[in-house]
Amino acid sequence: MRARQIEVFRMVMRCGTLTSAAEALNVSQPALSQILLHTEDELGFKLFLRVKGRLIPTPEAEELYPEVERLFGDLEGLRRRAGDLRQGKSGVVRLAASAPPSLSLVPEALRHFRAAHPDMRILSYVVPAEIIMGMLDSGQAGLGIAMNDRPIPLIDTEIIGHTKVVCVLPAGHRLASSIAVSAGDLDGETLISYRAQSLPGQLLRAALGREGLSFEPDMEIDVSIIALAFVQQGLGIAVVDGLLPWHSFPGLVTRPFLPSVALPLCLLTSARRPLSRSHELLRTHLRTACKQLGLERPMG
């Protein structure tokens, strides 16, 4: 029995007449009668006997009815579920992000996303950029956020914002009173920054190269959050992304770094897997969060 046949049989059982059932289903009586006759032909037995203007269920119909009620309940549940997914009232989103956006952009986006879709379940992963690619390809994550705009096979990359490189210093450092910190100011300092092979490292090396300077960190890191404890412990000063909320960490100050270097903030998706409605909604909130945080375009 098809869904429409189940619906018609159930309503006739409940109403007892074709007229009442047709009104309840908002269809014509001849159309409903045809569906019922077709159902009986497919089943190979009668469902109703017509006695004095009423339809009397056959014993076979009585046996089928409890199962039909169960199936109808399942269908109604399926329809509600589909409606909730369409309207963003339920579902699951899986977001994988590297540490800097996980501590800045992601909370801002999720705050608005949760307000708009409070019943949506969120699975948030904080992982290195290389891991994000594998999670997207395998379906473990639907969306990824990383500071990496390099072409990657089977991954679609959308640049949704930029953040500038800053210099992170202990509050009592001699350069803390400067308006900005230039590459030349780093002489004699222990420099904490990205590995030379990383995208931020390459961008910094290129920018300093144009100034005739070299980029050779004394302490190399993979992600900027590692610099937090290093700088707090007085191991050196860091040249890292400004995406992290450095102002919220005690004992630290940030200053603009010169020459100016902008790092891309990228939204990553699998080129092989279509986005669910839930992930499309979250993607919109991530783009909006970039604008609200002033990250939507490179800063002069």
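Predicted model only: the values in this text are computed from it and were never measured. (Residues numbered from 1 in each chain as written. Predicted model: local features only at pLDDT ≥ 70, side-chain atom pairs only at ≥ 80, totals over all residues. Heavy atoms only, no water.)

1. Some words on the overall build of the protein chain
- Within the protein chain, the regular secondary structure consists of 10 helices and 12 strands.
- For 300 residues, the compact-globule estimate of 2.2 N^0.38 gives 19 Å, and the C-alpha radius of gyration of the protein chain, at 31 Å, exceeds that figure by more than 25%.
- When its C-alpha atoms are laid out on the principal axes, the protein chain stretches across 105 × 35 × 30 Å.
- Within the protein chain, the fraction of its 300 residues that count as buried is 44%.
- Accessible surface for the protein chain amounts to roughly 15300 Å². Of this, 53% is attributable to carbon and sulfur atoms.
- Each charge sign in the protein chain was given a centre, from 32 positive and 31 negative side chains, and these centres are 6 Å apart. (Helix = DSSP H or I, 4+ residues; strand = E, 2+ residues; numbered from the N terminus. Rg over C-alpha atoms; globule rule 2.2 N^0.38 Å. Buried < 20%, exposed > 50% of the residue type's maximum accessible area, 1.4 Å probe, protein only. Areas by Shrake-Rupley, 256 points an atom, 1.4 Å probe, with all protein chains shown as cover. Lys, Arg positive; Asp, Glu negative; His and termini not counted. Charge placed at Lys NZ, Arg CZ, Asp CG, Glu CD.)

2. Focus on the environment of Ser270
- Secondary-structure assignment places Ser270 in strand 12 (residues 262-270).
- For Ser270, a relative accessible area of 8% gives the class buried.
- Each C-alpha atom, one on Ser270 and one on Pro170, is 41 Å from the other, the two residues being 100 residues apart in sequence.
- Residue contacts for Ser270: discarding those within four places in its chain leaves Leu136, Asp137, Leu154, Ile155 and Asp156.
- One polar contact links the side chain of Ser270 to the main-chain amide nitrogen of Arg272, over a distance of 3.1 Å.
- Among the polar contacts listed, one links the side chain of Ser270 to the backbone nitrogen of Arg273, at a separation of 3.3 Å. (Contact = heavy atoms within 4.5 Å. Polar contact = N/O pair within 3.5 Å; in protein donor to acceptor, adjacent residues only side chain to side chain.)

3. Some thoughts on the packing of aromatic side chains
- This model, assessed by the stated rule, comprises three aromatic pairs.
- Ring centres of Phe9 and Tyr65 lie 6.5 Å apart, and the angle between their planes is 75°; on these two criteria the pair is classed as edge-to-face. Here Phe9 is found in helix 1 (residues 3-15), whereas its partner Tyr65 is found in helix 4 (residues 59-87), with 56 residues between them in sequence.
- On the basis of relative accessible area, Phe9 is assigned to the buried category, the value being 1%.
- Centroid distance Trp246 to Phe249: 6.0 Å. Interplanar angle 65°. Geometry classified as edge-to-face. Summarising the burial analysis for this pair, Trp246 and Phe249 share the class buried.
- Members of the aromatic cluster, each reached through a chain of ring pairs, are Phe9, Phe48 and Tyr65. (Phe/Tyr/Trp six-rings, centres within 6.5 Å; stacked < 30°, edge-to-face > 60°.)

4. Considerations on the pattern of salt bridges
- Considering all chains together, one arrives at nine salt bridges under this definition.
- The salt bridge involving Lys46 is made with Glu40; its shortest N-O contact spans 3.7 Å.
- Under the relative-accessibility criterion, Lys46 is labelled partly exposed at 44%. (Salt bridge = Lys/Arg side-chain N within 4 Å of Asp/Glu carboxyl O.)

5. Overview of the nonpolar core
- Among the nonpolar cores identified, the biggest contains 54 residues, and Ile145, Trp246 and Leu286 are the most heavily contacted of them.
- Top element by residues in this core is strand 6 (residues 155-170). It accounts for six residues.
- When sequence neighbours within four positions are dropped, the list of residues in contact with Trp246 reads Val166, Val168, Ser224, Ala227, Leu228, Val240, Asp241, Leu252 and Thr254.
- Met13, Leu18, Leu32 and Leu36 belong to the second largest nonpolar core, which has 18 residues in total. (Core = buried A, V, L, I, M, F, W, Y, C linked by side-chain atoms within 4.5 Å.)

6. Some words on the pairing of strand 5 (residues 143-146)
- Burial along strand 5 is two-sided: Leu143 and Ile145 facing one way and Gly144 and Ala146 facing the other are all buried.
- Strand direction decides the pairing type here: strand 3 (residues 92-97) and strand 5, joined by three bridges, are parallel. Looking at strand 5, one finds that Leu95 is bridged to Leu143. (Pairing = 2+ DSSP bridges.)

7. Re the side chain of Asn148
- Looking at the element boundaries, Asn148 is found in the loop between strand 5 and strand 6.
- Here Arg150 takes part through its backbone nitrogen, which lies 2.9 Å from a polar atom of the side chain of Asn148.
- Setting aside anything within four residues of it in sequence, one finds Asn148 in contact with Thr157, Leu199, Pro264, Cys266 and Leu268.

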